[in-house]
Amino acid sequence: MNIALFSDSYLPTKSGIVTVVIQLKHILEELGHKVVIVTVSNKHSSDVDFEEDEDILRVKSIHSFVGDDQYIGIPIRHKVVEFLEKHEVRLIHAHTEFFIGQMAILAGKKIGIPVIATTHTMWEDYYRHYFTMGALVPKSVVRQIVRQLYKHFYALINVSEKAKNYFTLPKMLPNKACAIIPNAIDTEKFISHEWTDSEKAEIRREYKIEPTDKIMLYVGRVVEEKRVEEMLDVIIRVVNSRRDVKMLFVGAGGALYDLEQRVQKEGLTDKIIFTGFVDWFKVSSLYSVADVFITTSLSEMHSMTILEALSLGVPVVCREDTSFSDTVFQGENGFMAKTDEEMDGFINRVLDDDKLRASMCKKAKEVAGRFTLRLHGLRTVAFYEEVLKHYPYKIKSEDLTAAVSAVKE
């Protein structure tokens, strides 16, 4: 099968969606399918002069309002159609709902092939942070915009129960065919190196962390919609209450400077350490020294960093949210707190109870094993095949769900 993945995030940009697209391309090719990419040029220029790759179409792009490393693609339909026809693409899988996603719909209609999409982002949790007057825009308006953006896709892949529940709301797209396929992690690449005790000791020395210190860890974009300011409140309370704990804040983003300034003002620069951006292939070394992974985010659909933490046996303390319902199990591999304040006690419990933490580490790896890249690929292919079986006629969610559920690794 020849498949085209459309995305407005791709290398060299680093993000959860980029990771998802790269991993999906890899496993689909491993399963014997041909995959081509339509994506942004990742530069603010009318010239597209990236590496020559006949399987990647880079379109003219401009910087996006959602971040310095994010871009908006401005594709030209006839060039996209020519690219798809050249590669005899049978199905388009969009990982964006914006310009490139809408072009996927137009190109698919022109060629007569199905166009599906994965629902990655809960925009109702994002828009207030990116628009000057965002706080004045009702959620109902945002919901209507999202509905319009997704209504013309043939079918949707939801990455979690949370995503499905949102898109099947009465005023969203309750009749749009869909199925749940959770995100996955390529453990072979992510954990390509087993970190030795001496290497872990060197990591601690690099960040001036004592051998006896316990380590809390956050990995991800340092931006407001991740509730990083609220997370810093939790961190400050915990590090002020005990001497044996340090916090590694891994990532970059628009809120980083303000957080650094606050930590400096609080006199906690030796206990709360900001690493800045760390390459995905190296970040596993930081997970390997962590005792607990924490996040206060409520805007996830299905967190890739949670999967990364679990794959390296790191217990998780997070806020209660349905996006974590299939990855974080209360008291088994972590804790979900009803409030930010409740997180303090859960974090301390994990850090203080060596026996509990060891049990959680074992369970974390077991849970991560349910989200293998191969299983994700097989489920996605089953979804594609069911779509092609019915297209251009209407398809039911029951058919897609049955096809995906029948897959056994």
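Refer to the preceding data block for the structure.
What comes next concerns the included structure. Keep in mind that this is a model prediction, so the values were computed, not measured.

1. Description of the nonpolar core
What tends to happen in soluble globular proteins is that the nonpolar side chains get buried as a cluster.
Point 1. Counting 37 residues, the largest nonpolar core has Phe6, Leu84, Ile92 and Phe167 as its most contacted members.
Point 2. Here this core takes 5 residues from helix α3 (residues 99-111), the largest share from any one element.
Point 3. Sequence-distant contacts of Leu84, defined by excluding residues within four places in its chain, comprise Ala4, Phe6, Val89, Ile92, Ala107 and Ile111.
Point 4. In this structure, Val20, Phe190, Leu312 and Val314 belong to the second largest nonpolar core, which totals 36 residues.

2. Observations concerning the packing of helix α15 (residues 373-390) against helix α16 (residues 397-405)
Point 1. Relative to each other, α15 and α16 sit at 145°, their axes nearing to 8 Å. The way α15 lies across α16 gives a crossing that is right-handed. Across the interface between the two elements, Arg379, Ala382, Phe383, Glu386, Val387 and His390 of α15 pack against Asp399, Leu400, Ala403 and Val404 of α16.
Point 2. The residue makeup of the contact of α15 with α16, split by class, is 6 nonpolar, 1 polar and 3 charged.

3. Looking at the sheet that holds strand β2 (residues 34-40)
Point 1. Spatially, the 7 strands line up as an open sheet ordered β3-β2-β1-β6-β7-β8-β9, and their pairing is parallel. Strands with a single pairing partner mark the edges of an open sheet, and in this sheet they are β3 (56-59) and β9 (178-180). Taken over all neighbouring pairs, the strand axes of this sheet differ in orientation by 20° on average, direction set aside.
Point 2. Where strand β7 (residues 115-119) lies against strand β8 (residues 155-158), 4 bridges are found, and the strand directions are parallel. Each bridged residue has a counterpart across the sheet, and for Ala117 the counterpart in β8 is Leu156.
Point 3. Contacting β1 (2-7), β2 and β6 (91-94), helix α1 (residues 16-30) crosses the sheet at an angle of about 175° to β1.

4. Regarding helix α2 (residues 77-86)
Point 1. Listing the buried residues of α2 in full gives Val80, Val81, Phe83 and Leu84. Angular distribution of buried residues about the axis of α2 spans 160°; they occupy a single face of the element.
Point 2. In this structure, the buried residues of α2 make contact with β1, β2, β3, β6 and α3.
Point 3. Remark: Glu88 follows α2 within two positions and exhibits a positive phi of approximately 50°.

5. Regarding empty space enclosed by the protein
Point 1. Within the structure shown, the criterion is met by 2 cavities of 30 Å³ or more.
Point 2. A volume near 60 Å³ is recorded for the largest cavity.
Point 3. Looking at the largest cavity, the residues that line it are Val20, Leu24, His93, His95, Thr118, His120, Ile157, Val159, Asn183, His376 and Thr380.
Point 4. Listing elements by their share of the lining of the largest cavity, those giving two or more residues are α1 and α15.
Point 5. Tallied by class, residues from the lining of the largest cavity come to 4 nonpolar, 7 polar and no charged.
Point 6. The wall of the second largest cavity is formed by Val20, Gln23, Leu24, Asn183, Ala184, Leu373 and His376.
Point 7. Of all the elements, α1 adds the most residues to the lining of the second largest cavity, at 3 residues.
Point 8. Per-class residue counts for the lining of the second largest cavity are 4 nonpolar, 3 polar and no charged.

The rules behind these values
The numbers attached to residues start from 1 for each chain and follow its sequence in the written order. Per-residue local features of the predicted model are confined to residues with pLDDT of at least 70, and side-chain atom pairs are confined, for both listing and counting, to 80 or more; whole-chain, interface and lining totals are unaffected and use all residues. Hydrogens and water are ignored here; the side-chain numbers use all heavy atoms of the structure. Take the buried residues of types Ala, Val, Leu, Ile, Met, Phe, Trp, Tyr and Cys, join any two whose side-chain atoms come within 4.5 Å, and each joined set is a nonpolar core. Relative accessibility under 20% of the residue-type maximum defines a buried residue, over 50% an exposed one, and the middle range a partly exposed one, all with a 1.4 Å probe and only protein chains included. The helix and strand labels rest on DSSP assignments: H or I over at least four residues marks a helix, E over at least two residues marks a strand, and numbering proceeds from the N terminus. Here, two residues are considered to be in contact whenever any of their heavy atoms come within 4.5 Å of each other. Lines fitted to C-alpha atoms define the axes here, with helix axes fitted over just the stretch in contact, and angles between the N-to-C directions of these axes take values from 0 to 180 degrees. Should the near helix be turned anticlockwise from the far one by less than a right angle, the crossing is termed left-handed; should it be turned clockwise, right-handed. Three categories are distinguished: nonpolar for Ala, Val, Leu, Ile, Met, Phe, Trp, Tyr, Cys and Pro, charged for Asp, Glu, Lys and Arg, and polar for the others, with Gly belonging to the last. A strand pair is defined by DSSP finding two or more bridges across the two strands. It is the directions from the helix axis to the C-beta atoms whose arc is reported. Every definition here rests on a 1 Å grid over the protein atoms only: cavities are sets of points where a 1.4 Å probe fits but cannot get out, pockets are open sets enclosed by protein on both sides within 12 Å along at least five of seven lines, and lining residues have some atom within 4 Å of a point. Grid points are joined across faces, edges and corners, and a volume is the space filled by probe spheres set on the points.

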